[in-house]
Amino acid sequence: ALPISMPSDKIKSKVMKCLEAAKTLQAEADSEGVTGVSGPTRSSSEQPTRGNIFELYGQLSVEFGDALKDIHTDMIAAGADGEAVEWRMIEAFTREVSVCTNIE
C-alpha cells in the first residue's frame with residue numbers, strides 16, 4: 001500500500017509499477033548473484049548483470065519520468081476540483097522516490 005491516497009487509479013497503477021520495479025531492481029543489484037535473479041517481467045536475456053544494471057536503472061528513471069508527466073497532466077486537470085493537496089503530495093512522493101533511485 002502507498003503511504004498516500006491516490007485520487008486516480010491510472011496514476012496509482014503507474015506509481016505502484018514504478019515502486020515494484022525499483023524494489024525488484026534494488027534487490028537484484030544488492031544480491032551477490034546479480035545474474036541469477038529474475039524479475040517477474042523479464043526474459044532470461046534481460047536478466048540484470050553487473051554490466052547492464054545501469055541501463056536498467058536508466059529505464060526505471062524513464063518510467064518514473066513518464067509517471068511524473070502523467071501526474072502533472074492530471075494535476076492541471078484536477079486543479080479546480082479541490083484535490084490540489086492530494087495531487088501535490090502524490091507528485092512530491094513520486095519525485096522524491098525518483099530522485100533517490102537516480103542517486104543509487
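Keep in mind the model is a prediction, meaning the values are calculated, not measured. (Residues numbered from 1 in each chain as written. Predicted model: local features only at pLDDT ≥ 70, side-chain atom pairs only at ≥ 80, totals over all residues. Heavy atoms only, no water.)

Undergrad: Tell me what's going on with helix α3 (residues 84–103), and back it up with residues and numbers.
TA: With 20 residues, α3 extends 28 Å between its outermost C-alpha atoms, agreeing within 8% with the 28 Å of an ideal straight helix rising 1.5 Å per residue. Within the span of α3, buried status applies to Trp87, Ile90, Glu91, Thr94, Val97, Ser98 and Thr101. Summarising the axial view, the buried residues of α3 lie within an arc of 135 degrees, below the 170-degree limit, and thus occupy one face. Turned more than 90 degrees away from the buried face of α3 sit Arg88 and Ile103, all of them exposed. (Helix = DSSP H or I, 4+ residues; strand = E, 2+ residues; numbered from the N terminus. Expected span 1.5 Å × (residues − 1). Buried < 20%, exposed > 50% of the residue type's maximum accessible area, 1.4 Å probe, protein only. Arc of directions from axis to C-beta.)

Undergrad: Any details on the environment of Lys17? Residues and values, ideally.
TA: Mapped onto the fold, Lys17 is located in helix α1 (residues 9–30). For Lys17, a relative accessible area of 55% translates into the label exposed.

Undergrad: So what's going on with the packing of α1 against helix α2 (residues 53–78)? Residues and values would help.
TA: Where α1 contacts α2, the axes come no closer than 10 Å and their chain directions differ by 165 degrees. Considering the angle they form, α1 stands roughly antiparallel to α2. Of the two possible hands of crossing, α1 and α2 adopt the one that is left-handed. Residues Lys10, Ile11, Lys14, Val15, Lys17, Cys18, Leu19, Ala21, Ala22, Leu25, Gln26 and Ala29 of α1 touch α2, and the partners they reach there are Ile53, Leu56, Tyr57, Leu60, Glu63, Phe64, Ala67, Asp70, Ile71 and Asp74. A per-class count over the contact of α1 with α2 returns 15 nonpolar, one polar and six charged. (Axes fitted to C-alpha atoms, helices over the stretch in contact; angles between N-to-C directions. Parallel < 35°, antiparallel > 145°, perpendicular 65-115°, else oblique. Left-handed = near helix turned anticlockwise from the far one by under 90°. Contact = heavy atoms within 4.5 Å. Nonpolar A, V, L, I, M, F, W, Y, C, P; charged D, E, K, R; others polar.)

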